[in-house]
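Analysis of the macromolecular model
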Amino acid sequence: MSSTFFGLTIAASGLNTSQAQINTTANNISNVNTTGYSRQVVNTVASSALRCYQSWGTTGTGVEATGVTQRRDLYYDEKYWNNQSALGFYDKKQYYMAQIEDYFNENNNNAGFTTIYTKMFNAMSTLQGSPGDNTVRKQFISNAKQLTEYFNQLATKLDDLQSSINDEIKTAVDDINAISEKVAILTKQINTIEQGGGRANELRDQRALLIDNLSKMVDVKVQETEVLNSNDPDMYTGATYYTVYINGQILVDTYEHNTLAVKSRELDQNHNQTDIDGLYEIVWSKDGDRFNATPSSSG
């Protein structure tokens, strides 16, 4: 025969579980504006049934919470990261192409190539009719000088733009290295907590946010696999292997991370005749191999 308070114990289990769900809901509402936060839920299971010597054999003992986990799907994460890397790639291209368009733009406040060239061409036509007129000669020389100054100024602006992009590449490499180090540290902290039976939801959110930021700069792929007990393959240890690939190459391997570096090109390594000196190539610090910076999503 069950205890007199058996029914109250079942009710108490429901109240305790509901309290955990209310607290989790409050936490979700509190973090509604927190960047990178993932909604959390309380996972519940029916408590182990109690055997009784009646015709029905067993009776339920209530409900219990097995843990608080995130409502997050790796499939959608990968979809987001893939599109984010493509967006970042073309957004940067559009940003700098718009600057180049401004250099060639012609309006009332900015005389461009067409205006300057037309003035010089008209002065040359006038000079053909009056080759001995010093005033006409000086006007043509002045217009020709204006055209050469325009080309020189344009070349200087394009060189400065290359230098600006070069500096941004180095900044991006430093950011990638900082993110890879933080991801490796967070992975170790997450495994330490989850091997003890907990669930490091907040740390997982921080790590996922770092991957979000990383995907804006490079093509990202993440693989997380469970670490099983070598003596009992069916036993999950609570830890995971966490591998981050950028453009198909390993950046983070659980607790280890690789770093990138920038290396100035030699003069004979310039891709174009108009490349300025000292443009960077991105290489792996470990072996000096060149890093392929073009995301696979761009074709």
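See above for the structure.
Residues numbered from 1 in each chain as written. Predicted model: local features only at pLDDT ≥ 70, side-chain atom pairs only at ≥ 80, totals over all residues. Heavy atoms only, no water.

Examining the nonpolar core
Here is a general trend for soluble globular proteins: nonpolar side chains tend to be buried in one another's company. Cut-off, in case you're wondering: As used here, the term nonpolar core means buried Ala, Val, Leu, Ile, Met, Phe, Trp, Tyr and Cys residues forming a set that is joined through side-chain atoms within 4.5 Å. A simple rule labels every residue: compare its accessible area, found with a 1.4 Å probe on the protein chains alone, to the largest value its type can have, and call it buried under 20%, exposed over 50%, or partly exposed in between. Only DSSP runs of H or I reaching four residues or more are called helices, and only runs of E reaching two or more are called strands; each is numbered from the N terminus. Residues count as neighbours in contact if any of their non-hydrogen atoms are within 4.5 Å of one another.
Judged by nonpolar contacts, the single largest core of 25 residues is most densely connected at Val-183, Ile-211, Leu-214, Val-220, Val-244, Ile-246 and Leu-260. At the level of elements, helix H4 (134–195), helix H5 (201–215), strand E5 (220–229), strand E6 (232–246), strand E7 (249–253) and strand E10 (280–284) are the ones that each hand at least two residues to this core. For this core, the element with the most residues is H4, which contributes seven residues. Residues contacting Val-244, with those up to four places away along its chain left out, are Val-183, Ile-211, Leu-214, Val-220, Lys-221, Val-222, Gln-249, Ile-250, Leu-251 and Val-252.

Thoughts on the pairing of E5
Rules: Any two strands between which DSSP finds at least two bridges are classified as paired.
For E5 and E6, the ladder comprises nine bridges, and the chain directions are antiparallel. Looking at the pairing, Glu-226 lines up with Thr-240 of E6. Here E5 hands over to E6 after two residues, the two strands then running antiparallel side by side.

Notes on helix H2 (residues 74–104)
To keep things clear, this is the line we draw: For a helix, the expected span equals 1.5 Å multiplied by the residue count minus one. Here a polar contact is recorded for every N or O atom pair within 3.5 Å, except that within protein the pair must consist of a potential hydrogen donor and a potential acceptor, and residues adjacent in sequence are included only if both atoms are side-chain atoms.
Taking 1.5 Å as the rise per residue, H2 with 31 residues should run 45 Å; its terminal C-alpha atoms sit 45 Å apart, in good agreement. All of the buried residues along H2 are Asp-77, Trp-81, Gln-84, Ser-85, Ala-86, Gly-88 and Tyr-96. Tucked into the core, H2 has its buried residues touching H4, H5 and E5. Sitting at the amino-terminal end of H2 is Asp-73, which places a side-chain oxygen 2.8 Å from the backbone nitrogen of Tyr-75.

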